[in-house]
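Observations on the model geometry
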Amino acid sequence: MISRRQFIKYLSYSFIVTKLNPVLADNKKIIKYNIIAKKSKFSFYKNFYANLLLYNNLNPGPQLNANVGDILKIEFTNNLDEPTSIHWHGIKNINKMDGVPYLTQDPIQPGETFSYEFPVNHSGTYWYHAHFESWQQVARGLYGPLIIKDKIDDNFDDDIVILADDWRLNKNYQIDEKSFGSLRDWSHAGRIGNWFTINGEKSPEYKISKNGLTRLRFINASNARVLKFRSSLNNNKIIAVDGMIVKPFREETFTVGPGQRIDLLVDTVDISKVDYFEISNKNPLKAFSLNVKKTNTKNKKSTKINFSPNYNLPKLNKAKTINIHMQGGAMGNLTKAKIDGVEKDFRSLAMEDKKLWAFNKEIGNYEKLLTSVKKNDVVILNVWNDTRWPHSMHLHGHHFFVNSKEFTNYNNYLLRDTYLIQPNEKSKLIFLADNPGKWLFHCHMLEHAASGMVNYIKVT
Ligand code: C2O
Ligand code: CU
């Protein structure tokens, strides 16, 4: 007889991605996965093996796939030495499956198993990641792509996830442990790295089909770096943001803030190679390339694809406005703020509590309520970034409409779950609060969230 512990050990060695057979229930297909978080070795460079925390020993974690309307069932085992939880970023989830420790579930303790089960009712590019001390667990590799497909995906000959991360490694190509918790990082732009990967690799190359259409799904899993891309095409056709189809538009360069996703469509007629560069740094990095090589098996180029978004801005006449005045950080104007009801000056907050950011002059955490709204209220988050830093603001459980200022050739409402708001920008994030529960609203620069830039909104 094999013990549970041995069984789990056996699983983690023998299965790379353990996708079990789909089962039908209530006409919904249940897609099952097993995920195990554990310490793993990974080589970023030659024979140097970094100690990472990975899902199923993979960097990035296994790609989870489902079709719109399916139920995802993930048997998750925590084989780490510390508690953890998984958040399904961008999924309009059932609240108790949202993976926020203390708020929606107890932290999953070492050795424990937790079964996540939820329907996926929207197609698109999503990702999952640890939400317990995510500033260190995500930095060590606990994340993976989550792709929900729809009919529209039948049109593409190739579909490639471009999961980007910005690691901070030391000279031995190990995770730079010493700088975890650096007050300088936390009060400035967050933990900015020095080793850039696409799907765990440096400048990988992907083969795609001739005379075809490729869907590229960019995901920024960095702790804090705002990524900026350009390609040798000089003209990138954006077809989705944060999972949501948009009326296609073209950009020469585009940014992807931490947590955000951008999908591109690449038409390979008359193209033999495309190079993509990450240009947020002074020195552009070759991110990855596409090699147009494969013979197109479908052997016919898809004609018209209907990219019309199927959502509308809700009526605003009865909307409930919530003001969020964001302050703090280095060179900011936050002189004092309340922490657990006690007012303190900025210096003491930084030195004693390691808290640096506030909404409405209050330091936040996972269990700090911003406000309660009623189910089906239209809510306007009236956000003012009164700091010297951009912030990648993420709302759980809902997508919001935002008149995005992130692009050059698109100035209309976008439906996003994460919005990159610039210093001094005032933006309205508008959503129909139709999903009951407790939903975090936080900065996805994970150091900023850890030092105060997080609250939750209750929908009852
Ligand atoms: Cu992707 Cu609360 O986070
Ligand atoms: Cu931030």
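Residues numbered from 1 in each chain as written. Chains lettered and ligands numbered in written order. Predicted model: local features only at pLDDT ≥ 70, side-chain atom pairs only at ≥ 80, totals over all residues. Heavy atoms only, no water.

1. Some words on the nonpolar core
Where a protein is soluble and globular, its nonpolar side chains tend to be buried together. Grouped together as the largest cluster of nonpolar side chains are 63 residues, with contacts concentrated most on Trp88, Leu216, Phe218, Tyr276, Phe288 and Leu290. Not counting chain neighbours up to four residues away, the residues in contact with leucine 216 comprise Ile160, Ile162, Ile262, Asp263, Leu264, Val266, Tyr276, Phe288 and Leu290. Judged by nonpolar contacts, the second largest core, of 33 residues, contains Leu356, Trp357, Ile421 and Met445. (Core = buried A, V, L, I, M, F, W, Y, C linked by side-chain atoms within 4.5 Å. Buried < 20%, exposed > 50% of the residue type's maximum accessible area, 1.4 Å probe, protein only. Contact = heavy atoms within 4.5 Å.)

2. Comments concerning the packing of aromatic side chains
The description of an aromatic ring pair rests on the distance of the ring centres and on the angle between the ring planes. Applying the stated rule across the entire model yields 28 aromatic pairs. Taking the centre distance of 5.1 Å and the plane angle of 75° together, the rings of phenylalanine 249 and phenylalanine 407 count as edge-to-face. Linking phenylalanine 249 in strand β17 (residues 244-251) with phenylalanine 407 in the loop between β30 (400-403) and β31 (413-416), this pair joins segments that are 158 residues apart in sequence. Accessibility assignment for this pair places phenylalanine 249 and phenylalanine 407 in one class, buried. Among the aromatic residues, those joined into a cluster by ring pairs are Tyr55, Phe76, Trp88, Phe114, Tyr116, Phe118 and Tyr128. The side chain of arginine 191 reaches across the aromatic face of phenylalanine 180, ending 4.0 Å from its centre. (Phe/Tyr/Trp six-rings, centres within 6.5 Å; stacked < 30°, edge-to-face > 60°. Helix = DSSP H or I, 4+ residues; strand = E, 2+ residues; numbered from the N terminus. Lys NZ or Arg CZ within 6 Å of the ring centre and 35° of its normal.)

3. Structural notes on the environment of tyrosine 55
Here tyrosine 55 is to be found in strand β4 (residues 48-55). By relative accessible area, which is 0% here, tyrosine 55 ends up buried. C-alpha separation for the pair tyrosine 55 and phenylalanine 76, spaced 21 residues apart in sequence, amounts to 9.4 Å. Among the polar contacts listed, one links the side chain of tyrosine 55 to the backbone nitrogen of alanine 130, at a separation of 3.3 Å. (Polar contact = N/O pair within 3.5 Å; in protein donor to acceptor, adjacent residues only side chain to side chain.)

4. Thoughts on the environment of serine 182
Positionally, serine 182 belongs in the loop between β11 (158-167) and α3 (183-187). Looking at serine 182, the relative accessible area reads 21%, which means it is partly exposed. In this structure the C-alpha to C-alpha distance between serine 182 and lysine 354, which are 172 residues apart in sequence, comes to 9.7 Å.

5. Looking at the side chain of serine 289
Mapped onto the elements of the fold, serine 289 is located in strand β21 (residues 285-294). Under the relative-accessibility criterion, serine 289 is labelled buried at 2%. Other than its neighbours up to four places away in sequence, serine 289 contacts Pro204, Glu205, Tyr206, Lys273, Val274 and Asp275.

6. Structural notes on the pairing of strand β9 (residues 124-130)
β9 sits mainly inside the fold: seven of its seven residues count as buried. The pairing of strand β7 (residues 86-89) with β9 spans four bridges and is antiparallel. Paired with isoleucine 86 across the two strands is alanine 130, which belongs to β9. (Pairing = 2+ DSSP bridges.)

Nothing here speaks to function; it is geometry throughout.
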